[in-house]
Amino acid sequence: MTGLGGERSLAGVIPVRGAKNAGLKALAATLLFDGPVRIENAPSIEDMKRMAELITAAGGRVEEEGSVLTVVPDAVSVSALLEDVAKRLRASIVLTGPMLARLGEVSFPFPGGCVLGERPIDLFLSGFRAMGADVTEDGEHFTVRTKEGLRGAELFFPVVSVTATETLMMAATLATGTTVLRNAAMEPEIVALAEFLNRSGARITGVGTPTITVIGSAGKKLTAQGAFVTPPDRIEAGSFLILGALLAKKLRITDCDPTHLSVLIELLRRSGVSITEGADFLEVEAHEPPSAFHAVNVRTHEYPGFPTDLQAPMTVYLTQVTGESYVLETIFDARFGYVDDLVRMGAAITTMNPHRVLIRGPRELTGKELEGPDLRAGLAYLLAASVAHGTSTVNNAYTIDRGYERIEERLRAIGLPIERVTN
Ligand code: EPU
């Protein structure tokens, strides 16, 4: 792609697609059901395809019609997750809860996915044990079994984990007795999942707060009432907002929920960006170059704090505004793997320690050959390449396709000179 070299020329409307991290969990949740489950507004991305492959390999049926997926879980009978896929997809761990609840057994390899530092699974295993399951470990393989089904338990998470909250909440849905999850994650995707499960017969209260209570159904599976409508992807919306702040004259981001992006909006406004919020859209309008905006400090935090998944795009933004800022990553141990590439492009970023970088702006960036270490950093590279002078090539587009649907077509539609050369 050819960078705009700081020229403010993007304009138009860009709709946000369904959230990856909600769609994936809805797919996993289908194992809690009897009969078909319909997922609407499903993003057409590689991670969703991988999750569908895992369900198919377990015996389920997944039909795709545009952005609607229908999953028929009735014949699910294979409790071993498909090795090759599970090893590469961190979100595969979310299937273990529903699978264990449905079949009384699940085995899986240590889940892979983006390398963001250590990503242990101790919270999942200790949660299953507390609910009465036996966990055996053979090298990098785990088998979890229950003799008489899962039973409710009091669980306290020493760290807040999105997928552990979701997995154990789902397992608890079919358990016997009441489960209480304390220090639970509060992400909007978890709320959307619980609302759908409740509509279909689950009894979950407290989602969106740190204490979630689940009254189990004692093995009775759920029956879908209506479709799961995938909520908008707040990370995609936030990334588009940052792109707009950098390069748009006027950009309208539609089909999103601005209430899920309060911290980002607040920080960008403090930095000087003019943003209009509607019920389901955001509009960013600017006439001055980004150097007219000022530096702001960022500290990632569990929801409703600043999302770690927007950390890399925000760092790109901070290379273009005036002043010195720091970005502090509190969730993952190694999420600054992209920084060296930004420095290679001309950014002034000093790594203070594995969790904190110092950014001095503005600096002019020059196009380079890049390859994102994870999907969010991959998108950040597209932002960096957009503001740069000259041409950039972002290799291994698969990393970006994992989480963003047809990204180049959508960015081209708002004026970015970007094309796909190969996958
Ligand atoms: N953790 C443990 N033990 C566990 C599980 C997690 O110590 O058993 C720690 C992690 O090491 C980390 C912290 O808990 O330090 C929080 O990680 P969390 O478990 O919340 O992350 P995750 O559930 O694996 C989800 C998203 C990520 C997103 C994080 C944080 C999915 C599929 N993934 O991951 O999204 O960054 O929450 O919000 O929902 C992405 O979409 O690109 C992505 C990486």
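Structure: see above.
Counting of residues starts from 1 at the beginning of each chain's written sequence and follows it residue by residue. Residue-level local features of this predicted model are given only where pLDDT is at least 70; pairs of side-chain atoms are given and counted only at 80 or more, and the full residue set underlies all totals for whole chains, interfaces and linings. Each side-chain value is derived from all of the structure's non-hydrogen atoms; neither hydrogens nor water enter the calculation.

Asker: Honestly, the site of the ligand in this entry has me stumped. Any pointers?
Answerer: We call a residue near a molecule or strand as soon as one heavy atom of that residue lies within 4 Å of the molecule or strand. Around the ligand, 25 residues are found, and the nearest of them are Lys25, Ser161, Thr163, Asp309 and Ile331. Whenever two N or O atoms come within 3.5 Å, that pair is a polar contact, provided that in protein one can donate a hydrogen and the other can accept it, and provided that, for residues adjacent in sequence, both atoms are side-chain atoms. The separation between an oxygen atom of the ligand and a polar side-chain atom of Lys25 is 2.7 Å. Only the protein chains shown count as covering a residue, and every accessible area follows the Shrake-Rupley method with a 1.4 Å probe. Alone, the ligand offers 830 Å² of accessible surface; in the complex the protein occludes 90% of this. Residues are said to line a cavity or pocket when one of their atoms sits within 4 Å of a point; the points come from a 1 Å grid over protein atoms alone, cavities being sets where a 1.4 Å probe fits but cannot get out and pockets being open sets with protein on both sides within 12 Å along at least five of seven lines. Any molecule with more than half of its atoms within 2 Å of a cavity's or pocket's grid points is counted as sitting in it. Placement of the ligand is best described as lying within the largest pocket. Secondary structure counts use DSSP, requiring at least four H or I residues in a row for a helix and at least two E residues in a row for a strand, with both numbered from the N terminus. Secondary structure elements with two or more residues in the shell around the ligand: α1 (20–29), α5 (122–130), α6 (162–173) and α12 (375–387).

Asker: I tried to follow unusual backbone geometry on my own but got confused; where do I start?
Answerer: Residue Tyr303 is joined to Pro304 through a cis peptide bond whose omega torsion reads 10°. Among the secondary structure elements, Pro304 is positioned in the loop between β16 (298–299) and α10 (311–320). For Asn183, which is not glycine, the phi dihedral falls at a positive 60°. Tracing the backbone shows Asn183 in the loop between β9 (178–182) and α7 (188–199). Only protein chains enter the accessibility calculation, which uses a 1.4 Å probe. A residue is then buried if its area is under 20% of the maximum for its type, exposed if over 50%, and partly exposed in between. Residue class for Asn183 comes out partly exposed when judged on its relative accessible area of 25%. The phi angle at Asp255 is positive, at roughly 55°, despite the residue not being glycine. Note that Asp255 resides in the loop between β13 (248–254) and α9 (262–271). Taking the relative accessible area as the measure of exposure, Asp255 reaches 44% and is therefore partly exposed.

Asker: Quick question: what am I supposed to make of the layout of surface pockets here?
Answerer: Unoccupied space between atoms shows up once a probe the size of one water molecule is rolled over them. Grid points are joined across faces, edges and corners, and a volume is the space filled by probe spheres set on the points. By volume, the largest pocket amounts to about 1000 Å³. In terms of lining, the largest pocket is formed by 43 residues, of which the most central are Arg119, Val162, Thr163, Ile331 and Phe332. Every element with two or more residues in the lining of the largest pocket is listed here: α1, α5, α6, α8 (234–247) and α12. Among the elements that line the lining of the largest pocket, the one with the most residues is α1, at 4 residues. Note on residue classes: Ala, Val, Leu, Ile, Met, Phe, Trp, Tyr, Cys and Pro are nonpolar, Asp, Glu, Lys and Arg are charged, and everything else, Gly too, is polar. Taken together, the residues of the lining of the largest pocket sort by class into 19 nonpolar, 6 polar and 18 charged. Lining the second largest pocket are 18 residues, with Val394, Ala397, Glu419, Arg420 and Val421 sitting closest to its centre. Looking at the lining of the second largest pocket, the elements that each hand over two or more residues are β21 (393–395), α13 (398–401) and α14 (407–412). In terms of residue count, the dominant contributor to the lining of the second largest pocket is β21 (3 residues).

Asker: How do you make sense of the environment of Gly5 when you look at a structure like this?
Answerer: Its place among the elements puts Gly5 in the segment before β1 (10–15). With 375 residues separating them in the primary sequence, Gly5 and Ala380 have C-alpha atoms 16 Å apart. Any pair of residues with heavy atoms lying within 4.5 Å of one another is described as a contacting pair. With residues up to four places along the chain from it excluded, the contact list for Gly5 reads Ser386, Val387, Ala388 and His389.

Asker: What's the story with the packing of aromatic side chains in this structure? I'm lost.
Answerer: Stacked, tilted and edge-to-face pairs are distinguished by plane angle, under 30 degrees for stacked and over 60 for edge-to-face with tilted covering the rest, among Phe, Tyr and Trp rings (Trp via its six-membered ring) whose centres lie within 6.5 Å. Under the criterion given, the structure shown has 5 aromatic pairs. For the pair Phe33 and Phe196, a centre-to-centre distance of 5.6 Å together with 20° between the ring planes defines the contact as stacked. Taken together, the residues span a long stretch of sequence, with Phe33 in the loop between α1 and β2 (37–40) and Phe196 in helix α7 at a distance of 163 residues. Each of the two residues, Phe33 as well as Phe196, counts as buried. Ring geometry for Phe336 and Tyr338: centres 6.3 Å apart, planes at 45°, overall tilted. Residue Tyr338 is classed as buried on the basis of its relative accessible area of 1%.

Asker: Sorry, what's going on with empty space enclosed by the protein here?
Answerer: Applying the stated rule across the entire model yields 1 cavity of 30 Å³ or more. Counted as a void, the largest cavity has a volume near 50 Å³. Forming the boundary of the largest cavity are Thr308, Asp309, Leu310, Gln311, Ala312, Pro313, Arg335, Tyr338, Asp374, Arg376 and Ala377. Residue assignment for the lining of the largest cavity shows that the elements contributing at least two residues are α10 and α12. Residue classes in the lining of the largest cavity are distributed as 5 nonpolar, 2 polar and 4 charged.

Asker: Would you mind going over the side chain of Arg410 with me for this structure?
Answerer: Residue placement: Arg410 occurs in helix α14. A relative accessible area of 10% means that Arg410 is categorised as buried. One polar contact links Arg410 to Glu236, side chain to side chain, over a distance of 2.5 Å. Setting aside anything within four residues of it in sequence, one finds Arg410 in contact with Ile14, Pro15, Val16, Arg17, Glu236, Phe240 and Glu405.

Asker: I keep staring at the packing of α1 against α6 and nothing clicks. Help me out?
Answerer: Any two packed helices are characterised by how steeply their axes cross, that is the angle between the axes, and by the distance between the axes. One can describe the packing of α1 onto α6 by two numbers: an axis separation of 11 Å at closest approach and a directional angle of 25°. Considered as vectors, α1 and α6 are oriented roughly parallel to each other. The crossing of α1 and α6 is right-handed. Touching Asn21, Lys25, Ala28 and Ala29 of α1 are Val162, Thr163, Glu166 and Met170, all from α6. Among the residues making up the contact of α1 with α6, the classes are represented as 4 nonpolar, 2 polar and 2 charged. Axis angles are defined between N-to-C directions and span 0 to 180 degrees, where every axis is a line fitted to C-alpha atoms and, for a helix, only to the segment in contact. When an angle is under 35 degrees it counts as roughly parallel; over 145 it counts as roughly antiparallel; between 65 and 115 it counts as roughly perpendicular; any other value is oblique. It is the rotation of the near helix from the far one that decides the hand of a crossing: anticlockwise by less than a right angle makes it left-handed, clockwise makes it right-handed.

Asker: So what exactly am I meant to see when it comes to the sheet that holds β9 here?
Answerer: What the 4 strands build is an open sheet, ordered β8-β9-β11-β10; its pairing is mixed. Bordering the open sheet on either side are β8 (154–156) and β10 (203–205), each of which pairs with just one other strand. Neighbour-to-neighbour, the strand axes of the sheet open up by a mean angle of 15°, direction not taken into account. A pair of strands counts as paired when DSSP detects no fewer than two bridges linking them. Sheet analysis places β10 next to strand β11 (residues 211–215), joined by 3 bridges and oriented antiparallel. Paired with Arg203 across the strands is Ile215, a residue of β11.

Interpretation note: all reported values are geometric properties and have no functional meaning in isolation.
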